[in-house]
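Observations on the three-dimensional arrangement
Here's the letter readout for the chains.
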Amino acid sequence: MLASNNSYVAPKSFILDGIPGLERVHVWISLPFCTMYIISLVGNLGLVYLIYHEESLHRPMYFFLAMLSLIDLFTCTTTLPNALCIFWFNFKEIKFNACLVQMFFVHGFTGVESGVLMLMALDRYVAICYPLRYATILTNSIIAKAGLATFLRGVLLMIPFPFLVKRLPFCQSNIISHTYCDHMSVVKLSCASIKVNVIYGLMVALLIGVFDICCISASYTMILRAVVNLSSADAQQKAFSTCTAHISAIIITYVPAFFTFFTHRFGGHTIPPSLHIIVANLYLLLPPTLNPIVYGVKTKQIRDSVIKLFRGEKGASIQDN
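Each residue is numbered by its place in its chain's sequence as written, counting from 1. With pLDDT at 70 or above as the cut-off, local features in this predicted model cover only qualifying residues; side-chain atom pairs require 80 or more to be listed or tallied, and sums for whole chains, interfaces and linings still use all residues. As a rule here, side-chain values come from all non-hydrogen atoms in the structure, and water together with hydrogens is ignored.

As a reminder, the rule being used: UniProt positions are given in the numbering used here, feature names are shortened, and annotations may be inferred rather than shown by experiment.
Looking at an unreviewed UniProt entry, the chain carries the name Olfactory receptor, with the source organism given as Pipistrellus nathusii. Per UniProt, the chain has the following entry under Sequence similarities (unreviewed entry): "Belongs to the G-protein coupled receptor 1 family."

This is the structure in structure tokens:
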């Protein structure tokens, strides 16, 4: 990698080392990972098909859920097949440019996923606080524009990452202690200052993660106020029940995300690398696996639509809770 005049060039490839320290049990670790990946494929594809097929689910809440399912599918497919190749076949090499592409898609899809969760919180706010104007506020046009804006925000903010990495000199090891190309895992291999990369990463975290969480928190604060002011206990319970699945999705997504983010930057030597890598994989795999299950269990309309689909019934629409 050493070039003339003491300049450095990028490596032709990186070696993804899987989960260091747990190489002997890689095959066993792959079993739950593979099972979760299959469940995520079946669950999310089934959910998208159900929402497309059932006219009773052609509503803003379920359109946003379909967006979330598609993003979850893309996110886990970006990394899990590669991780399974490492676990099963010891295929660890990844080309430099392929690594940058994977990095872009991983961070891009997770950024879009955060935005969709924010849109779903706003949807619940409108549904509970302005029920009579729900259909007129969240029209198909507004949903499409909101989804497009969320997608563009995630993509445009992630485009600089590959270019910021490509400008760095890599003159040391090309072994990445991870199962996929994460931004911080890659830049830590550089022999130059990574201050710009770290600062930009924090800026993106603020513009996406912190902004979305603030919007979600504000939405649920107003939802809580509206629900408390309802006179009927049954009405309060009904309003809260429409939010439980979304709250579960938020917890499933953000808890491992924050753990991964903070351990990369502040965990240092206190967090075992193997634990960090496992949680980083779960961060990308848990939401796609659990979200369809959570929404299937918690949402009566989806449960009834599944039963209706398997029975081959048509025509009758399902009323909301």
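Anyway, onward from the coordinates.
Quick notes on the state of the cysteines
Throughout this description, disulfide means a covalent bond between two cysteine sulfur atoms. Selection rule: The term disulfide is used for any two cysteine sulfur atoms that are within 2.5 Å. Starting at the N terminus, helices and strands are each numbered in turn, a helix being any DSSP run of H or I of at least four residues and a strand any DSSP run of E of at least two. Summary of the burial criterion: residues with accessible area below 20% of their type's maximum are buried, those above 50% are exposed, and those between are partly exposed, where the area comes from a 1.4 Å probe applied to protein chains only.
For the structure on display, the rule yields 2 disulfides. With a sulfur-sulfur separation of 2.0 Å, Cys99 is cross-linked through a disulfide to Cys181. The disulfide joining Cys99 to Cys181 has a torsion of about -120° about its S-S bond and is therefore left-handed. Placement of the pair is Cys99 in helix H3 (residues 96–129) and Cys181 in the loop between strand S3 (175–176) and helix H7 (183–187), with a sequence separation of 82 residues. Across this residue pair, the class does not change: Cys99 and Cys181 are buried. One disulfide in the model links Cys171 with Cys191; its S-S distance is 2.0 Å. Here Cys171 is found in the loop between helix H6 (160–166) and S3, whereas its partner Cys191 is found in the loop between H7 and helix H8 (195–228), with 20 residues between them in sequence. Overall, the relative accessible area of 29% leaves Cys191 in the partly exposed class. For the chain, the bonded cysteines pair up as 1-3, 2-4 when numbered in the order they occur along the sequence.

Notes on the packing of aromatic side chains
Test applied: Classification of ring pairs rests on two measures: the distance between centres of Phe, Tyr or Trp rings, Trp counted by its six-membered ring, which must be within 6.5 Å, and the angle between planes, read as stacked under 30 degrees, edge-to-face over 60 and tilted in between.
Within this structure, the stated rule accounts for 12 aromatic pairs. Among the aromatic residues, those joined into a ring-pair cluster are Phe74, Phe104, Phe105 and Phe109.

Quick look at the sheet that holds strand S1 (residues 13–16)
Here is the rule we go by: DSSP calls a pair of strands paired once it identifies at least 2 bridges connecting them. Note on contacts: a residue pair qualifies if any of its non-hydrogen atoms lie within 4.5 Å across the two residues. Simply put, an axis is a line fit to the C-alpha atoms, just over the touching stretch for a helix, and the angle between two N-to-C directions goes from 0 to 180 degrees.
The 3 strands are arranged S2-S1-S3 in an open sheet whose pairing can be described as mixed. Two strands in the sheet have a free side with no partner beyond their single neighbour: strand S2 (93–95) and S3. The strands touched by H3 are S1, S2 and S3; relative to S2, the strand with the most contacts, the crossing angle is about 85°.

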